[in-house]
Amino acid sequence: RHAVCIFYLVLRALDTVEDDMSIPLDVKVPMLQEFHSHLYQPDWKYTESKEKDRQVLEDFPTISMEFRNLSKVYQDVISDICHKMGVGMAEFLEKKVDSQHEWDKYCHYVAGLVGIGLSRLFSASELEDSIVGQDTDLANSMGLFLQKTNIIRDYLEDQLEGREFWPREVWSRYAKKLSDLAKPENIDVAVQCLNELITNALHHVPDVLTYLSRLKNQSVFNFCAIPQVMAIATLAACYNNQQVFRGVVKIRKGQAVTLMMDATNIQAVKAIMYQYVEEIYQKIPSTDPSSNKTQQVIASIRAMSLPGSPMASRHHYSPIYLSCAMLLAALSWQYLSTLSKATEEYVQAGEN
């Protein structure tokens, strides 16, 4: 728990540097590349940030002290991932995401590395088998699925703030400029572009299911599974949805709470994935250029998720448990809303 907490705070500090547009590039690039070294400098802090999360930089000596109090095996993982992520962030400060390969690379730096780092922490703690930390491809897919969901959903917000993360290789087939997709007259091709990117993201779902099937610790499973089911629900809400280019598409609070309650075992997660890819399947337009690819990836997810036994975890809950759980949800709505927001931010931020 402490290692994961410090890992989060260190990466939140690194991400705050990346997000701070007031830091000149000639200062920011080396700052990102060398950020991991500050973990071993007791007095280092940065007090000139204008970002909303600047406290993690201003109070960095507190974070770095707790980091140095961790077991060396945890320190090594956190420092290594922080170093690789800082170098990757610096690389993409001065270039845009052009190809789909570069899209995967950017998402690896800011989110895939988080999945890899967390997996190494799980294994180092011996809560999970060594294979969980060793299989970096699966761990990377866990991060990529979350980050791509975030990038897809946040098209309009990113446009308004001058950020572009959709790969040029894809959107250039539908418009001359990425911003053109927000114009009402381009809504049909915009939705086709959206559907192609969602189809791309869905290719990570089989890896996600394989990864989750290896987890043995209940707390670790919940921690990993909840953001993934939130992501598939978000993609289902975004698929073929013009609203992505007009505002924010969010899953309902009650839907989020239900997902948190249900995603407690691999069979339940498979059932949830099956449910939402079926929802996407029902919305595939016959004229969509990506329709065949979308159908193919959904078929591969179906093959891994087909019910062979009662799958939804809610089937394992007694009626009394369900009643108590729903009463608790009603009485603790403020808490659950906060938890929902925090989990949603996990999906949004990728590296959280």
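What counts, and at which threshold
- Position numbers for residues start from 1 in each chain and track the written sequence from start to end.
- This being a predicted model, a pLDDT of at least 70 is required before a residue's local features are given, and a value of 80 or more before pairs of side-chain atoms are given or counted; all residues contribute to the totals for chains, interfaces and linings.
- Note: side-chain values were computed over all heavy atoms of the structure, leaving out hydrogens and water.
- UniProt positions are given in the numbering used here, feature names are shortened, and annotations may be inferred rather than shown by experiment.
- Numbering of helices and strands runs from the N terminus, with a helix taken as a DSSP run of H or I at least four residues long and a strand as a DSSP run of E at least two residues long.
- Exposure categories follow from relative accessible area, calculated using a 1.4 Å probe and restricted to protein chains: below 20% of the type maximum is buried, above 50% is exposed, and the middle band is partly exposed.
- The contact rule is simple, with two residues in contact once any of their heavy atoms fall within 4.5 Å.
- The criterion is simple. A nonpolar core is a set of buried Ala, Val, Leu, Ile, Met, Phe, Trp, Tyr and Cys residues joined through side-chain atoms within 4.5 Å.
- Domain boundaries shown here were taken from an automatic or database domain assignment.
- A helix is expected to span 1.5 Å for every residue after the first.
- A side-chain nitrogen of Lys or Arg and a carboxyl oxygen of Asp or Glu constitute a salt bridge if their distance falls within 4 Å.
- In the analysis that follows, any N or O atom pair within 3.5 Å is treated as a polar contact, provided that within protein one partner can donate a hydrogen and the other can accept it, and provided that, for residues neighboring in sequence, both atoms belong to side chains.
- Axes here refer to lines fitted to C-alpha atoms; in helices the fit is confined to the stretch in contact. Angles between the N-to-C directions go from 0 to 180 degrees.
- Angles are sorted into four bins: roughly parallel if under 35 degrees, roughly antiparallel if over 145, roughly perpendicular if 65 to 115, and oblique for all others.
- Handedness of a crossing follows from how the near helix is turned relative to the far one, being left-handed for an anticlockwise turn of less than a right angle and right-handed for a clockwise one.
- As a working rule, the residues Ala, Val, Leu, Ile, Met, Phe, Trp, Tyr, Cys and Pro are called nonpolar, Asp, Glu, Lys and Arg charged, and the rest polar, with Gly in that last group.

An unreviewed UniProt entry lists the protein under the name Squalene synthase, with Sinosuthora webbiana as the source organism. Recorded under Subcellular location (unreviewed entry), the UniProt text for the protein is reproduced unchanged: "Endoplasmic reticulum membrane".

## With respect to the overall build of the protein
Along its length, the protein carries 18 helices and zero strands. In the protein, which comprises 352 residues, the proportion classed as buried is 53%. Within the protein, residue pairs in contact and separated by at least 24 positions form 75% of the contacts whose partners lie at least 6 positions apart.

## Digging into unusual backbone geometry
Although it is not a glycine, E126 sits at a positive phi angle of roughly 70°. Inspection of the secondary structure assignment puts E126 in the loop between α6 (100-124) and α7 (130-134). Judged by relative accessible area, E126 falls into the exposed class, the value being 70%. Unlike most non-glycine residues, N240 shows phi in positive territory, near 55°.

## Regarding the nonpolar core
With 111 residues, the main nonpolar core has W166, L181, Y211, L212 and F245 as its most contacted residues. A domain-level breakdown of this core finds at least three residues from each of domain 1 (1-95) and domain 2 (141-311). Residues contacting W166, with those up to four places away along its chain left out, are V97, I151, I152, Y155, W171, L178, L181, C193, L194, L197 and F245.

## Digging into helix α1 (residues 2-19)
With 18 residues, α1 extends 25 Å from end C-alpha to end C-alpha; this agrees with the ideal 26 Å at 1.5 Å per step. Buried within α1 we find A3, I6, F7, V10, L11, R12, A13, L14, D15, T16, V17 and E18.

## Some points on the pattern of salt bridges
Applying the stated rule across the entire model yields 21 salt bridges. The closest approach of N and O atoms between R214 and D135, which form a salt bridge, is 2.8 Å. Residue R214 is located in the loop between α12 (205-213) and α13 (218-238), and its partner D135 is located in the loop between α7 and α8 (136-153); the two are separated by 79 residues in the primary sequence. Across the pair D180 and K183 runs a salt bridge whose closest N-O atoms are separated by 3.2 Å. Since its relative accessible area comes to 10%, D180 is described here as buried. Through salt bridges that share partners, R12, D15, K52 and D53 make up one connected network.

## Topic: the environment of D129
By the secondary structure assignment, D129 is in the loop between α6 and α7. Residue class for D129 comes out partly exposed when judged on its relative accessible area of 34%. Distance in space between the C-alpha atoms of D129 and N217 is 9.9 Å, their sequence separation being 88 residues. In this structure, D129 is in contact with S123 and K216, ignoring residues within four places of it in sequence. Of the polar contacts made by the side chain of D129, one reaches the side chain of K216; its length is 2.8 Å.

## Here we look at the environment of Y155
For Y155, the position within the fold is in helix α9 (residues 155-160). In sequence terms Y155 and L178 are 23 residues apart; their C-alpha atoms lie 9.4 Å from each other.

## With respect to the packing of α1 against helix α2 (residues 25-33)
Relative orientation of the contacting elements α1 and α2 amounts to 160°, with a least axis distance of 10 Å. What the angle tells us is that α1 and α2 run roughly antiparallel. The crossing of α1 and α2 is left-handed. Between α1, through L14, V17, E18 and D19, and α2, the contact on the second element is made entirely by K28, M31 and L32. Of the residues in the contact of α1 with α2, the class split is four nonpolar, no polar and three charged.

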